[in-house]
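Coordinate inspection notes
Now for the letters of each chain:
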Amino acid sequence: MLSSIARQRTVLLYTRSSIFRGLATHTSIPSTTRSIPAVLHLKTGQSFTGKSFGSTKSIFGETVFSTSITSYTESMTDPSYRGQILVFTTPLIGNYGVPANSAPYDSHDVGVILESQGIQCSAVVVADLAERFSHHSAVESLHSWCLRHDVPGITGVDTRAITRILRDQGTTLGRLAVGEEDVAAPAPTADEYWDPTTENLVEQVSVREPYTLNPSGDVRIAVLDFGAKANILRSLVRRGASCTVLPWNHDFNAIRDQFDGLFLSNGPGDPAHCMEAAMQLRRTFEEWDKPIFGICMGHQVIGMAAGLEAYRMTFGNRGHNQPVLALASSGSIKAGRVQNHQYALKLQDPFPDGWEPFFINCNDSSVEGIKSTPQSGRRIWGVQFHPESAGGPLDTIEMFTDFLRECRDQKFHNRVIESNTSNQPHQSFL
């Protein structure tokens, strides 16, 4: 009797939810597209055959994997994935579709819903592409989105096997071949693979001209754009900041007195390509006393400016589940998790004078954060992880609040000093 009542309630709830939400939407992938073969070749010698979706072009790139179980749209629009063939370890991808990627420019939004205007990765590898999607904000399928942005994908491959190879042998170069002709062709030779890290990918994704968001904000922040995720800018403007976004190699020192703080964003590729920015930042350290905060690539640039060495990791850290330990006083922050990086700062003893480790990765002991010491008189922090991660977790989001609080306190302190100086009587020498 009870089981019968339970079944009736289940049917009623399902019927009500169907009336208000509607059934899952079919992706409508044409049968001609579903039948196009594709193969992923790795430079280490392995090949994985599946079916194509999205664009039908073939592509080279650096093959990496992400352990995130959600937020595939945010990952794919993250500029840090520029030039990479992105393998999702989660089996089913595309089940909640893709939202309309537009928002206003105001004190709450920065023009987009996702992390940038379009897809940034070179290609996508999934075990099982969802042919139905269901979400209240979805407007198209993963297939149609990739097709519209000319990004190829492959489905029906063993992503677990690919991930094991990348973990055991390290991140490797790859080629996604699409179509009968390219699939039938031999795998590329070792010297035919293209390595995106040999190029300055930051130059490709950084803004060309400065622009300002939320100009009426009460504190002015300069953002050096190495490939900034939209949610970084969103996290700043939603906390009342006016953000002026600058090209990655902009001469900040020429305009620094206009700002109350400096933020260095995330970005793709090898930080060695950003040595120009690091050298300019070293001068900023010496001559400017206002707060500085960096994330991901910005953290590595701060480290290089401080005298630390950046190195290439075996397979990098990409996902939402990296355990991080706070070593130094971190205000309201005790741990951080979300990451996307192939390079890291080398832990050394002794640390450069005036600096100390901030966070350490619990899995591989890589440096996840650095900070200036109290004795240095500076207020500079850098973290490898993403406090603002769209899709969560957001347990470290208050790092933005802490940074802007420091900027506001410094601004108030400077005003008090200026007021006291202007009110002092002038000594007459007559």
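So, here is what we can say about the structure in this document.

A few words now on the environment of threonine 373. As for its placement among the helices and strands, threonine 373 is situated in the loop between β23 (367-372) and β24 (380-383). Owing to a relative accessible area of 11%, threonine 373 belongs among the buried residues under this scheme. Those residues in contact with threonine 373, other than ones at most four positions away along the chain, are Gly354, Trp355, Glu356 and Arg378.

A cis geometry characterises the amide bond from aspartate 349 onward to proline 350, with omega recorded as 5°. Within the fold, proline 350 resides in the loop between β21 (339-345) and β22 (355-361). Positive phi, close to 50°, is recorded for asparagine 214, a residue that is not glycine. When you line up the elements, asparagine 214 lands in the loop between β14 (211-213) and β15 (219-225). At cysteine 296, a residue that is not glycine, the phi angle is positive and equals roughly 60°. Topologically, cysteine 296 is positioned in the loop between β18 (292-295) and α10 (297-306). Cysteine 296 sits in the buried class, given a relative accessible area of 2%.

Here we come to the sheet that holds strand β2 (residues 37-42). Either a parallel or an antiparallel arrangement is found when strands of a sheet pair, and the pairing is made through backbone hydrogen bonds. Pairing in this closed barrel of 7 strands is mixed, and the strands run β2-β3-β12-β8-β5-β4-β13 around the ring. For this sheet, the mean inter-axis angle between neighbouring strands, taken without regard to orientation, is 35°. Bridge analysis of strand β4 (residues 59-66) against strand β13 (residues 172-178) gives 5 bridges, and the strand direction is antiparallel. In the sheet register, threonine 63 faces β13, and the bridge partner there is threonine 172. Each of β2, β3 (47-54), β4, β5 (84-88), β8 (123-125) and β13 touches helix α5 (residues 159-169); the most contacted strand, β4, lies at about 90° to it.

Thresholds applied
- Residues numbered from 1 in each chain as written.
- Predicted model: local features only at pLDDT ≥ 70, side-chain atom pairs only at ≥ 80, totals over all residues.
- Heavy atoms only, no water.
- Helix = DSSP H or I, 4+ residues; strand = E, 2+ residues; numbered from the N terminus.
- Buried < 20%, exposed > 50% of the residue type's maximum accessible area, 1.4 Å probe, protein only.
- Contact = heavy atoms within 4.5 Å.
- Pairing = 2+ DSSP bridges.
- Axes fitted to C-alpha atoms, helices over the stretch in contact; angles between N-to-C directions.

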